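Structure assessment
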Amino acid sequence: LALWAFSVIGTIVQYGGFKVRRREGRIEVEHGLLQRTFHGIDVDRVQTVVVKESFVRRMFGYCELSVGKIDSAVQDSQDGAPQARGMVIHPFVKTSRVPDLVGGLLPEFADMPEQTVRPAPVALRRAIVRKGVIRSTVFWLMVGAILGRIGLEAGLRSGALAIDAGMLALCETAFAAAVALFIIAFALNVVDAVLWHRSSVLGFMSITNGGLSKTTAVFPRKKIQFGYVKTNPFQRGAHVAIVNARTAAGVGGITEQLWDVPEEEAARWLEWV
């Protein structure tokens, strides 16, 4: 709670007095309570419009609106820090206001085709396995805890280890805590996988990845550097694929992707690209 409170205070100080405007072919942003910061960017350098909805923001119907832009690898001459990737054009805006805001600041990105393609039904099972097991650090910590307990019991039975009652009770408590942590983390990962399956969408010029948090990237067709479809043996057996759209945002480009799209829809998207 303390860290969250400091984060909120830091955000208020950083983005207080936020202003954004469109001036001919440029977007200009200024913000900051203690130190005023000004950013300007040519619209031609904008590659994507990104809508980020964290779990807390989604509860209140708000999001962060930013743009992905072409960055360089050079460092800022003033403080020597690398240039930040992208630029926030509204840190806390009602999600329902996003179309109007984009239409006023970036009309080039406002007229996008509707999103229609969702992950395949089999993607739900695959997402639960991927998020809850394969990519879950807590799961593998649990495996290590189980193996450690098995080794401890084997050592006690064979007489190779001698531990007093207090230390043994501490080990039992640590193992119980690890089990509880895994159960909680697994439940959250399952919920995240279900929400991802329900809210993730592929459009011809947009990709939405949902879950406990949600991110939507919108990119006009002329901003797509190239697109490709990627599969592994398990995906080929399930007839799904990963859709990848590469833009020139950032330093060297950024790839937006959506997992486990039906292979026929992925092929149709790739043919359109």
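What counts and how
Residues numbered from 1 in each chain as written. Predicted model: local features only at pLDDT ≥ 70, side-chain atom pairs only at ≥ 80, totals over all residues. Heavy atoms only, no water. Helix = DSSP H or I, 4+ residues; strand = E, 2+ residues; numbered from the N terminus. Rg over C-alpha atoms; globule rule 2.2 N^0.38 Å. Buried < 20%, exposed > 50% of the residue type's maximum accessible area, 1.4 Å probe, protein only. Contact = heavy atoms within 4.5 Å. Areas by Shrake-Rupley, 256 points an atom, 1.4 Å probe, with all protein chains shown as cover. Lys, Arg positive; Asp, Glu negative; His and termini not counted. Charge placed at Lys NZ, Arg CZ, Asp CG, Glu CD. Pairing = 2+ DSSP bridges. Axes fitted to C-alpha atoms, helices over the stretch in contact; angles between N-to-C directions. Salt bridge = Lys/Arg side-chain N within 4 Å of Asp/Glu carboxyl O.

1. Quick word on the overall build of the protein
The helix and strand inventory of the protein stands at eight helices and twelve strands. For 273 residues, the compact-globule formula gives about 19 Å, and the C-alpha radius of gyration of the protein, at 24 Å, lies well above that figure. Across the 273 residues that make up the protein, the buried fraction comes to 37%. Pairs at least 24 apart in sequence give 54% of the contacts found in the protein among residues at least 6 apart. Summing over all exposed atoms, the protein offers an accessible surface of approximately 15900 Å²; the carbon and sulfur share of this is 61%. Taken together, the 31 basic and 24 acidic charged side chains of the protein have centroids lying 1 Å from each other.

2. What about the sheet that holds strand β1 (residues 19-23)?
Strand order across the open sheet formed by three strands is β1-β2-β3, with antiparallel pairing between neighbours. Of all the strands in the sheet, just β1 and β3 (37-42) have a single pairing partner and so form its edges. Within the sheet, the average angular offset between the axes of one strand and its neighbour, ignoring direction, is 15°. Relative to strand β2 (residues 26-31), β1 runs antiparallel, the two sharing five bridges. The partner of Val20 across the bridge, within β2, is Val29.

3. Examining the environment of Val51
Take Val51: it is sitting in strand β4 (residues 46-53). According to the relative accessible area criterion, Val51 is buried, its value standing at 11%. A sequence separation of 37 residues divides Val51 from Val88, and the C-alpha atoms of the two residues are 10.0 Å apart. The residues touching Val51, leaving out its near neighbours within four places in the chain, are Cys63, Glu64, Leu65, Val98, Lys214, Thr215 and Thr216.

4. A word on the side chain of Ser66
Tracing the backbone through its elements, the reader meets Ser66 in strand β5 (residues 62-69). Discounting residues that sit within four places of it in the chain, Ser66 has contacts with Thr48, Val49, Val50, Met87, Val88 and Ile89.

5. Points about the pattern of salt bridges
This structure, assessed with the given rule, holds eleven salt bridges. In this structure, the salt-bridge partner of Arg23 is Glu28, at a minimum N-O distance of 3.0 Å. Overall, Arg23 belongs to the partly exposed group, its relative accessible area being 45%. The closest approach of N and O atoms between Arg36 and Glu30, which form a salt bridge, is 3.6 Å. Via salt bridges that share partners, Arg21, Arg23, Glu28, Glu30 and Arg36 belong to a single interconnected network.

6. Comments concerning the sheet that holds strand β8 (residues 206-209)
Two strands in a sheet stick together by hydrogen bonds in their backbones, pointing the same way (parallel) or opposite ways (antiparallel). Ordered by their spatial adjacency, six strands build an open sheet running β6-β5-β4-β9-β8-β7, and the pairing between neighbours is antiparallel. Each edge of the sheet is formed by a strand with only one pairing partner; in this case those strands are β6 (87-94) and β7 (201-203). For this sheet, the mean inter-axis angle between neighbouring strands, taken without regard to orientation, is 15°. Inspection of the sheet shows β8 paired to strand β9 (residues 214-218) by four bridges, in the antiparallel sense. What sits directly across from Asn209, in β9, is Thr215. On top of the sheet, helix α3 (residues 98-105) reaches β4, β5 and β6; it is set at about 145° to β6, its chief contact.

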